[in-house]
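Structural description and commentary
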Amino acid sequence: MCGVTDGSGRSAWLAFGLFALAIGEGLWALVGVLVTGISFAAARDSFLIPNAVIGVSCAVCGVLIAWKRPRNPLGWLLLGAGVTQPATAAVTPWLVQALEDGAPDGLVRALATLYSGAWPWSVSLFIPLALLYVPDGRLPGRWWRSTARCRCCCSARTPTR
């Protein structure tokens, strides 16, 4: 059972807060594209477009599930992917601009760290774990508990309904 449910509506606030963060990251990526003038080819080649689309899509699905079924780990895992994946998209135009302008090394390193450190959480943790909980929010078998156990959001117990 996820630790974000307490029956008082806090889980809905958390779900919508994470959703807002993911949408904000997507919008920040769009602002970055407009402000820096990054080309479509650079946006495509730097994975800005797929990172934004995957992240926002996961956030939309995750908020709907977490809002209506807060005890279902699938929604929270999709929201996790929805926050981490577009974080890379949000920093991409600024990193491309910093590299083109010869920005200070500290700034380039900070942007590159965020660029390369955010999306792996999505594709190597949140999305694979979410796939284990499809379609009903339960693991496919007891032997998957050790695989699904993670300290970031959910324990391996099956949700109750």
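Computed from a predicted model, the values in this text were never measured in an experiment.

1. Quick look at the overall build of the protein chain
- Looking only at helices and strands, one finds six helices and zero strands in the protein chain.
- Burial status across the protein chain gives 42% buried among its 161 residues.
- Long-range contacts, defined as pairs at least 24 residues apart, comprise 66% of the intrachain contacts of the protein chain with a sequence gap of at least 6.
- Within the structure as shown, the protein chain displays about 8,900 Å² of accessible surface, and the carbon and sulfur contribution to it stands at 67%.

2. Quick notes on the pattern of salt bridges
- Following the criterion strictly, the structure yields one salt bridge and no others.
- In this structure, Asp 45 and Arg 44 form a salt bridge, with 3.1 Å as the shortest nitrogen-oxygen distance.

3. Quick look at the nonpolar core
- In terms of nonpolar packing, the biggest core is built from 12 residues, these being Cys 58, Leu 74, Leu 77, Leu 78, Ala 81, Leu 125, Phe 126, Leu 129, Ala 130, Leu 132, Tyr 133 and Leu 139.
- Counting only elements with at least two residues in this core, the list comes to helix 4 (73–101) and helix 5 (105–132).
- If you tally residues by element for this core, the top one is helix 5, at five residues.
- For Ala 130, the residues in contact, after removing those within four places along its chain, are Leu 74, Leu 77 and Leu 78.
- Counting residues in hydrophobic clusters, the runner-up holds seven residues, among them Val 91, Ala 98, Ala 103 and Tyr 115.

4. Let's talk about the state of the cysteines
- Across all of its chains, the model carries zero disulfides by this definition.
- Note on Cys 58: no disulfide assigned, nearest cysteine sulfur contributed by Cys 61 at a separation of 6.8 Å.
- Judged by its relative accessible area of 10%, Cys 58 falls in the buried class.

5. Regarding the packing of aromatic side chains
- For the structure on display, the rule yields two aromatic pairs.
- Ring centres of Phe 16 and Trp 67 lie 5.5 Å apart, and the angle between their planes is 65°; on these two criteria the pair is classed as edge-to-face. Highlighted residues: Phe 16 in helix 1 (residues 10–36) and Trp 67 in helix 3 (residues 48–68), separated in sequence by 51 residues.
- Classification of Phe 16 by relative accessible area gives partly exposed; the value is 36%.
- Consider the rings of Trp 28 and Trp 94, whose centres lie 5.3 Å apart with planes at 25°: the pair is stacked. Residue Trp 28 is found in helix 1, and its partner Trp 94 is found in helix 4; the two are separated by 66 residues along the sequence.
- Since its relative accessible area comes to 22%, Trp 94 is described here as partly exposed.
- If you follow Lys 68 out to its NZ or CZ, it ends over the ring of Trp 67, 4.4 Å from the centre.

Scoring rules and cut-offs
Residues numbered from 1 in each chain as written. Predicted model: local features only at pLDDT ≥ 70, side-chain atom pairs only at ≥ 80, totals over all residues. Heavy atoms only, no water. Helix = DSSP H or I, 4+ residues; strand = E, 2+ residues; numbered from the N terminus. Buried < 20%, exposed > 50% of the residue type's maximum accessible area, 1.4 Å probe, protein only. Contact = heavy atoms within 4.5 Å. Areas by Shrake-Rupley, 256 points an atom, 1.4 Å probe, with all protein chains shown as cover. Salt bridge = Lys/Arg side-chain N within 4 Å of Asp/Glu carboxyl O. Core = buried A, V, L, I, M, F, W, Y, C linked by side-chain atoms within 4.5 Å. Disulfide = S-S within 2.5 Å. Phe/Tyr/Trp six-rings, centres within 6.5 Å; stacked < 30°, edge-to-face > 60°. Lys NZ or Arg CZ within 6 Å of the ring centre and 35° of its normal.

It is worth stressing that arrangement in space is one thing and function is another; only the former is reported here.
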